[in-house]
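# Analysis of the macromolecular model
Below are the chains, spelled out letter by letter.
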Amino acid sequence: MISDTPPYRCKDVRERLDDYLDQELLPHEIQWLREHIEACRACATLCQCAYEELAEMRAVVQKETRGGLTNETRVLR
Amino acid sequence: MSHSVTPELFQTYLAPVLDTAYGVAFYTTSHGGDAERLVEETVVRAYTRFSSFQPRSNFRAWFLRLMVDLFRCQYQGRGSEQELACGEAAADLPVIDPMDVEPRGQSSEFPLQLLRKLDRQQIASAFSELPAEYRIVCALYFMDEFSYAEIADVVGCPVEVTRSRLHRGRKALSHVMRTQVREMYSLA
């Protein structure tokens, strides 16, 4: 059972991690989650790793298709 | 409110969207030629329907919605029935077992920067491991800064369905991309 009240436990943080990284949590959820990770080194590491991985994935996904279209498609004929 | 359709006006809206559209098309079709064709066909369709576009609304989302519909019609051969697109069961991730996905944070020693060494074919290959509806959602997510609600609007599915597909899809992508890196560099 995932808690919807503070204090958040580790499993509450894991459950909400993706939403947190995507800035889809409500303000009070963000606050409760941050309160937990300030006190929990394991969850702080988890969040940091997940954030960095997402950034790396986004960077490589975008980089590899940049400029992929030919000029013919770019110009309305 | 209708507006006069001129190539110049259309081009003004279109130009900032093309890179994102191509990226989404590339990772959705997993093929450069198909992606270019899909974008071209969407450009034609968008131009013919441009008079119905509301100038104050989001052209990017409108254009991508047209493209997703075209992909469903032409590349999946199953029409644009939203019920089908949104109704796929949770078990529709046949290739990668979500339970097999590496728990994040338990592998902090993995050299994340090596993900950038993957080339476009490897990334396309990772996307191709996902079912089509997951590929679409993940491609939209990674190619742009869309919120869940905006992605849901583009794909025509409820936000919760979109959210679930995105979370599961990107965990699966992470798993495949990490595996590719490990194989490239003979990592444990």
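This text follows the structure it describes.
Let me begin by describing the structure that accompanies this report.

### Observations concerning the layout of surface pockets
All names here are of chain A.
- Taken as a whole, the second largest pocket holds about 460 Å³ of empty space.
- Leu21, Asp22, Gln23, Tyr51 and Leu54 are, among the 17 residues lining the second largest pocket, the residues nearest its centre.
- Looking at the lining of the second largest pocket, the elements with two or more residues in it are helix H1 (10–21) and helix H3 (41–63).
- Considering each element in turn, the lining of the second largest pocket owes the most residues, six residues, to H3.
- In terms of residue class, the lining of the second largest pocket is built from 10 nonpolar, three polar and four charged.

### So, the interface of chain B and chain A
- Each partner contributes residues to the interface: chain B has 42 residues there, and chain A has 31 residues.
- Here chain B packs against chain A, burying approximately 3,400 Å² in sum over the two surfaces, 56% of which is carbon and sulfur.
- Inspection of the region where chain B meets chain A yields six salt bridges.
- In this structure, the salt-bridge partner of arginine 170 of chain B is aspartate 18 of chain A, at a minimum N-O distance of 2.9 Å.
- Residue assignment for the side of chain B that touches chain A shows that the elements contributing at least two residues are helix H1 (7–14), helix H2 (18–29), helix H3 (32–48), helix H6 (120–128), helix H7 (132–143) and helix H9 (159–185) of chain B.
- Top element by residues in the side of chain B that touches chain A is H9 of chain B. It accounts for nine residues.
- A class-by-class count of the residues in the side of chain B that touches chain A yields 21 nonpolar, eight polar and 13 charged.

Each value, and the rule that gives it
Residues numbered from 1 in each chain as written. Chains lettered and ligands numbered in written order. Predicted model: local features only at pLDDT ≥ 70, side-chain atom pairs only at ≥ 80, totals over all residues. Heavy atoms only, no water. 1 Å grid on protein atoms, 1.4 Å probe; cavity = no way out; pocket = protein on both sides within 12 Å on 5 of 7 lines; lining within 4 Å. Points joined across faces, edges and corners; volume = space filled by probe spheres on them. Helix = DSSP H or I, 4+ residues; strand = E, 2+ residues; numbered from the N terminus. Nonpolar A, V, L, I, M, F, W, Y, C, P; charged D, E, K, R; others polar. Contact = heavy atoms within 4.5 Å. Buried area = accessible area lost by both parts, 1.4 Å probe. Salt bridge = Lys/Arg side-chain N within 4 Å of Asp/Glu carboxyl O.

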